[in-house]
Amino acid sequence: TIWALTASLFGLAAMAFAQDQKRPVPGHIEISASDQAATRAYWTVDRMANAMPMLLPKVDPATAAANASPLAPPEPAQGAEGGLPTISVSTDNLPSQTFEMLDHGEPAIMPATTPFSYEYPFTNYQPPVINAYPYSTVGKLFFVIPPGATEPAGNYVCSGSVIANNYTVLTARHCMYDVNTGIWYNSWVFDPAYNSGPNPKYQNSWIPRKLETWVTGSTSDYDIGLMQMNDLDGAGCNGSDGSHTLGSYTGYLGYLYGGDYTQRQWDVFGYPQASPFDGNHMYQDEAATGTLNPFGTTNIVEIGNPQTGGTSGGPWIIGFNPKKATDPAPTNNTSGSASNRANGLNSFQWTSPSQPYAINGPEFLSYNFNALFTAYKALSCP
């Protein structure tokens, strides 16, 4: 019996080791001072205006189901609150005539039942104010894809948001790194509250100094990336050189991972640029869990969202509250008193069936979001 038990334990240990060997691993790069200077010089107004939208990846449902990660066990919701800006910025309104792209129902009054059938309910519009927290945390991300990657070489745009502290930007992995070839992209700049050009109220473009993402693991539940941003003077981190941080102007979102995703609601943001959008303006989408783990995938959420290429990496904000007060609208999207927390991001669409009014994103859980965030926090700052 002892020998049998010992053999069984060795077998379990070997199985666990084999599983550990297959788990994706995070990796990072550091951007040299000379490369940062070259990036700042590279992004002229003309190059920004002509950068291409990074199209939302198209994922085959059968392939995704065959390679799906194990279903994450239930875990409590955990996270942290965001922070308000410390530098005052005038909150100019945008023109009162905002563009109402599509309206497929108001999620705030939806019944608390899921899943829905496609088309999932959503609203999508250009927010009337962007120079105010938490809108100010959302921005447009410019970068360069070098030759040899899966996507054609060129200048591209995605979206992102300031989260967790004064110097961290959240975006999608596919806006940073090509997991198919192992090629890192380069020359990133982040423009908070971009509005037909860099926003001088937020000091225009900010350059990252270090990046962390999952460098193995091709499934979309790992489509998460984090950037450590330089201070205003182009050096240092978290005010180490005596200049201001990105978050001191924009504030930063909190974050939330874990918990039950079956009946959540989010305010979803991004800078869609592929037709019929033009990439010049921020868009806001109100949506709820449409389908959880669609087509046999695991730890994936699909929502109603008509935004297009360029919106990749834009945040799903739970408990959205621009006034830092209780939202009077009924919602299934509360988590205690949590407000303005990043709880997902725009990631991908399906190859078939065609669902142009839906976007999928990874559930933020311990193994994909918090494990990456833990590795990221180990990077020195400065």
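Definitions and limits used
Residues numbered from 1 in each chain as written. Predicted model: local features only at pLDDT ≥ 70, side-chain atom pairs only at ≥ 80, totals over all residues. Heavy atoms only, no water. 1 Å grid on protein atoms, 1.4 Å probe; cavity = no way out; pocket = protein on both sides within 12 Å on 5 of 7 lines; lining within 4 Å. Points joined across faces, edges and corners; volume = space filled by probe spheres on them. Helix = DSSP H or I, 4+ residues; strand = E, 2+ residues; numbered from the N terminus. pLDDT = per-residue confidence, 0-100. Contact = heavy atoms within 4.5 Å. Polar contact = N/O pair within 3.5 Å; in protein donor to acceptor, adjacent residues only side chain to side chain. Phe/Tyr/Trp six-rings, centres within 6.5 Å; stacked < 30°, edge-to-face > 60°. Buried < 20%, exposed > 50% of the residue type's maximum accessible area, 1.4 Å probe, protein only. Lys NZ or Arg CZ within 6 Å of the ring centre and 35° of its normal. Pairing = 2+ DSSP bridges. Disulfide = S-S within 2.5 Å.

## Section: the layout of surface pockets
- In this structure, the largest pocket encloses a volume near 700 Å³.
- The wall of the largest pocket is formed by 32 residues, among which P57, V59, N180, S218 and S220 lie closest to the centre.
- Listed by contribution, the elements that provide at least two residues to the lining of the largest pocket are strand 3 (58–59), helix 4 (61–66) and strand 10 (177–178).

## Examining the environment of A49
- Considering the arrangement of structural elements, one finds A49 in helix 3 (residues 45–50).
- The spacing of A49 and D278 is 229 residues in sequence and 10.0 Å in space, taken between C-alpha atoms.

## Observations regarding the confidence of the model for the protein
- Mean pLDDT over the protein: 87, with 84% of residues reaching 70 or higher.
- Confidence over residues 105–112 falls short of pLDDT 50; this stretch has 23 contacts with residues more than four positions distant or in other chains.
- Low pLDDT, under 50, characterises residues 325–333; the predicted model gives this stretch 21 contacts beyond four residues in sequence or across chains.

## Some thoughts on the side chain of S205
- In this structure, S205 sits in the loop between strand 12 (186–192) and strand 13 (208–214).
- There is a polar contact of 2.9 Å between the side chain of S205 and the side chain of D191.
- The residues contacting S205, other than those within four sequence positions of it, are R40, M48, V189, F190, D191 and P198.

## A word on the environment of N67
- As for its position among the elements, N67 is in the loop between helix 4 and strand 4 (78–80).
- Expressed as a C-alpha distance, the spacing of N67 and S220, which sit 153 residues apart in the sequence, is 10.0 Å.

## A short note on the side chain of H281
- The residue H281 is located in the loop between strand 16 (265–270) and strand 17 (283–292) in this model.
- Polar side-chain contacts of H281 include one of 3.0 Å to the side chain of N195.

## Considerations on the packing of aromatic side chains
- All chains considered together, the criterion is met by 27 aromatic pairs.
- Seen from their ring centres, Y255 and Y257 are 6.5 Å apart, and the 10° between their planes marks the pair as stacked. As far as burial versus exposure is concerned, Y255 and Y257 are alike and both buried.
- Look at F369 and F373: their rings are 6.0 Å apart centre to centre, the planes differ by 20°, and that puts the pair in the stacked class. Note that F369 and F373 are positioned in helix 6 (residues 366–377) at a spacing of four residues, about one turn of the helix.
- For F373, a relative accessible area of 4% gives the class buried.
- Chaining the aromatic ring pairs together yields one cluster made of Y255, Y257, F364, F369, F373 and Y376.
- For R47, the ring lying beneath its charged end belongs to Y42, and the centroid distance is 4.0 Å.
- Positioned over the ring face of Y261 is R264, at 4.1 Å from the centre of the ring.

## Focus on the pairing of strand 8 (residues 154–162)
- Within strand 8, nine of the nine residues are buried, leaving the element largely enclosed by the surrounding structure.
- Here strand 2 (residues 52–53) pairs with strand 8 via two bridges, running parallel. Bridge pairing in strand 8 places P53 opposite V157.
- Looking at chain direction, strand 7 (residues 138–145) and strand 8 are connected through eight bridges and run antiparallel. Counted as the bridge partner of K140 is S159 from strand 8.

## Some points on the state of the cysteines
- Applying the stated criterion to the full structure yields two disulfides.
- The disulfide that involves C158 links it to C175, with 2.1 Å between the sulfurs. Because the sign of the S-S torsion sets the handedness, a value of about -80° for the bond joining C158 and C175 places this disulfide among the left-handed ones. Here C175 lies in the loop between strand 9 (168–171) and strand 10 and C158 lies in strand 8, a separation of 17 residues in the sequence.
- Overall, C158 belongs to the buried group, its relative accessible area being 1%.

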